[in-house]
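Each chain, letter by letter, is given below.
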Amino acid sequence: MLLDYSLELSHDLLTVNCLSMTNMCSLVLPHMVQKRRGVIVNISSCLAEYGSTHSTIYAATKSYNLMLSNCLRRGYQNTGMSIKQTKVDIGVFTHKRLI
């Protein structure tokens, strides 16, 4: 549940799952565009599509991953680059609990 997340944990999940992915894509895309080739593989979770009342923030960050990958794939189609998305269908242990 949302109230189970401290502000620190919420911030950490957003930083690790959203900002780092966005920043890495921003760093490599200019080089890939220039070379007209490259592959980005983003890893998400089945929670990206289904959500979870027990893993609210985590599921939301994985939805962000899925949407960013979809937008990048459409935005850079026909450029020689490939944007891949994979969803892991297992639970992830974070801070001593399954989310």
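As shown above, the structure is provided for reference.
Quick caveat, the model's predicted, so the values are computed rather than measured.

Colleague: Which residues make up the overall build of the protein chain, and what are the values?
Modeller: Broken down by element type, the protein chain carries 3 helices and 4 strands. For the protein chain, buried positions account for 34% of its 99 residues. Restricting the contact set of the protein chain to residue pairs at least 6 apart, pairs at least 24 apart contribute 65%. Of the roughly 6600 Å² that the protein chain leaves accessible, carbon and sulfur atoms contribute 62%.

Colleague: Give a detailed account of the nonpolar core, specifying residues and quantitative values.
Modeller: Residues Met21, Cys25, Leu29, Met32, Ile40, Leu68, Leu72, Met81 and Ile83 constitute the largest nonpolar core, which totals 9 residues. When contributions to this core are tallied by element, the ones reaching two or more residues are helix H1 (7-35), helix H3 (56-75) and strand S2 (81-88). The leading source of residues in this core is H1, at 4 residues. Apart from the residues within four sequence positions on either side, Leu29 is in contact with Ile40, Leu72, Tyr76 and Met81. Grouped together as the second largest cluster of nonpolar side chains are 7 residues, Leu9, Leu13, Leu47 and Ile57 included.

Colleague: Describe a nonpolar patch on the surface, naming the residues involved and giving the relevant values.
Modeller: Together, Val39, Val41, Ile43 and Val88 make up a nonpolar patch on the protein surface, roughly 340 Å² of accessible area in all. Per element, the largest residue contribution to the nonpolar patch is 3 residues, and it comes from strand S1 (residues 38-45). Within the secondary structure, Ile43 is located in strand S1.

Colleague: Please give an account of the side chain of Thr61 that cites residues and values.
Modeller: By secondary structure assignment, the location of Thr61 is in helix H3. If sequence neighbours within four positions are ignored, Thr61 has contacts with Leu13, Leu14, Asn17 and Cys18.

Colleague: Provide a residue-level description of H3, including the pertinent values.
Modeller: For H3, with 20 residues, the first-to-last C-alpha span of 28 Å sits near the 28 Å given by 1.5 Å per residue. Buried residues of H3: Ile57, Tyr58, Ala59, Thr61, Lys62, Asn65, Leu66, Leu68, Ser69 and Leu72, and no others.

Colleague: Which residues make up the environment of Cys46, and what are the values?
Modeller: Within the secondary structure, Cys46 is located in the loop between S1 and helix H2 (47-50). Considering only alpha carbons, one finds Cys46 and Lys87, 41 residues apart in sequence, at a separation of 5.5 Å. Once you skip the residues sitting within four places of it in the chain, Cys46 turns out to touch Lys87, Val88 and Asp89.

Colleague: Any chance you could break down the environment of Asn70 for me, citing the residues and the numbers?
Modeller: With respect to the helices, strands and loops of the structure, Asn70 is situated in helix H3. Residue Asn70 is classed as partly exposed on the basis of its relative accessible area, which comes to 22%. C-alpha of Asn70 to C-alpha of Lys84: the two residues are 14 residues apart in sequence and 8.7 Å apart in space. For Asn70, the side chain forms a polar contact with the side chain of Arg73, separated by 2.7 Å.

Cut-offs applied
- Residues numbered from 1 in each chain as written.
- Predicted model: local features only at pLDDT ≥ 70, side-chain atom pairs only at ≥ 80, totals over all residues.
- Heavy atoms only, no water.
- Helix = DSSP H or I, 4+ residues; strand = E, 2+ residues; numbered from the N terminus.
- Buried < 20%, exposed > 50% of the residue type's maximum accessible area, 1.4 Å probe, protein only.
- Contact = heavy atoms within 4.5 Å.
- Areas by Shrake-Rupley, 256 points an atom, 1.4 Å probe, with all protein chains shown as cover.
- Core = buried A, V, L, I, M, F, W, Y, C linked by side-chain atoms within 4.5 Å.
- Patch = residues over 30% accessible without salt bridge, like charges linked within 9 Å, V, L, I, M, F, W, Y side chains within 5 Å.
- Salt bridge = Lys/Arg side-chain N within 4 Å of Asp/Glu carboxyl O.
- Expected span 1.5 Å × (residues − 1).
- Polar contact = N/O pair within 3.5 Å; in protein donor to acceptor, adjacent residues only side chain to side chain.

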